[in-house]
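Structure at a glance
Here is what each chain is made of, one letter per residue.
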Amino acid sequence: MKISYSGAIIRILIPNYMEWVEALLKKSSDKTLTKGEVLHSLFHMIEINENTLNHIQSNKQDFGPELEELKQTEIKDLDFHLKYYRSLVNYISAMPESKVV
């Protein structure tokens, strides 16, 4: 996604969550997901969000106050998602395989 303001362009990489959700739904309709498959998917989402966050944080261009506010909101959102995905990984990793349905 590109957002333009006063000639400045900021690129915010937004992962295609719909494809990920659709793949999980298709997989879950075929059979129950394994613990490993769920963890693999979560690790993938963590990697995407970390890369996106690093990209946004490393961009030091001055885009003005409006886009800086948007940038900070994106950073907070990505940080929240990273904490959420990591907590899910910890929770699922601690579960015995026999308890995973």
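Attention here is on the structure that accompanies the text. Predicted model, so just to flag it, every value in this text is computed and none were measured.

1. Here's the deal with the packing of aromatic side chains
In the structure shown here, the tally under the stated rule is two aromatic pairs. Here the aromatic rings of Phe80 and Tyr84 are separated by 6.5 Å at their centres, their planes lie at 10°, and the arrangement is stacked. In this pair, Phe80 and Tyr84 both sit in helix H3 (residues 65-94), four residues apart, roughly one turn of the helix. Centre to centre, the rings of Tyr84 and Tyr85 are 6.0 Å apart; their planes meet at 55°, and the pair counts as tilted.

2. Thoughts on the nonpolar core
As a rule of thumb, nonpolar side chains are buried together in soluble globular proteins. Membership of the largest hydrophobic core is limited to twelve residues, which are Leu39, Leu42, Met45, Ile46, Leu53, Ile56, Ile75, Leu78, Leu82, Tyr85, Val89 and Ile92. Going through the elements one at a time, helix H2 (35-58) and H3 are the ones with two or more residues in this core. In contact with Leu53, other than residues within four places in its own chain, are Ile75, Leu78 and Leu82.

3. Here's the deal with the pattern of salt bridges
Where charged atoms from two side chains of opposite charge approach closely, those side chains can pair. All chains considered together, the criterion is met by two salt bridges. Of the charged contacts, one joins Glu50 and Arg86 as a salt bridge, the two residues approaching to 2.3 Å between their closest N and O atoms. With Glu50 in helix H2 and Arg86 in helix H3, this residue pair connects regions lying 36 residues apart in the sequence. Assessed through its relative accessible area of 35%, Arg86 is described here as partly exposed. A salt bridge links Asp79 to Lys83; the nearest nitrogen and oxygen atoms lie 3.2 Å apart. Residue Asp79 and its partner Lys83 are both found in helix H3; the two are separated by four residues, about one turn of the helix. The class for Lys83 is exposed, based on a relative accessible area of 54%.

The rules behind these values
- Numbering of residues starts from 1 in every chain and runs along the sequence as written.
- The predicted origin of the model limits local features to residues at a pLDDT of at least 70 and limits the giving and counting of side-chain atom pairs to 80 or more, whereas totals for whole chains, interfaces and linings rest on all residues.
- Neither water nor hydrogens contribute to the side-chain values; these are computed over all heavy atoms in the structure.
- Ring pairs shown here join Phe, Tyr and Trp side chains whose ring centres sit within 6.5 Å, with only the six-membered ring taken for Trp; geometry is labelled stacked below 30 degrees between planes, edge-to-face above 60, and tilted in between.
- Strands here mean DSSP runs of E at least two residues long; helices mean DSSP runs of H or I at least four residues long; both are numbered from the N terminus.
- Definition used in this section: a nonpolar core is a set of buried Ala, Val, Leu, Ile, Met, Phe, Trp, Tyr and Cys residues joined via side-chain atoms within 4.5 Å.
- Throughout, exposure labels follow a simple rule: accessible area from a 1.4 Å probe, protein chains only, divided by the maximum for the residue type, with under 20% read as buried, over 50% as exposed, and the rest as partly exposed.
- What makes two residues a contact is simply this: any of their non-hydrogen atoms within 4.5 Å.
- The salt bridge criterion pairs a side-chain nitrogen of Lys or Arg with a carboxyl oxygen of Asp or Glu, the two atoms within 4 Å.

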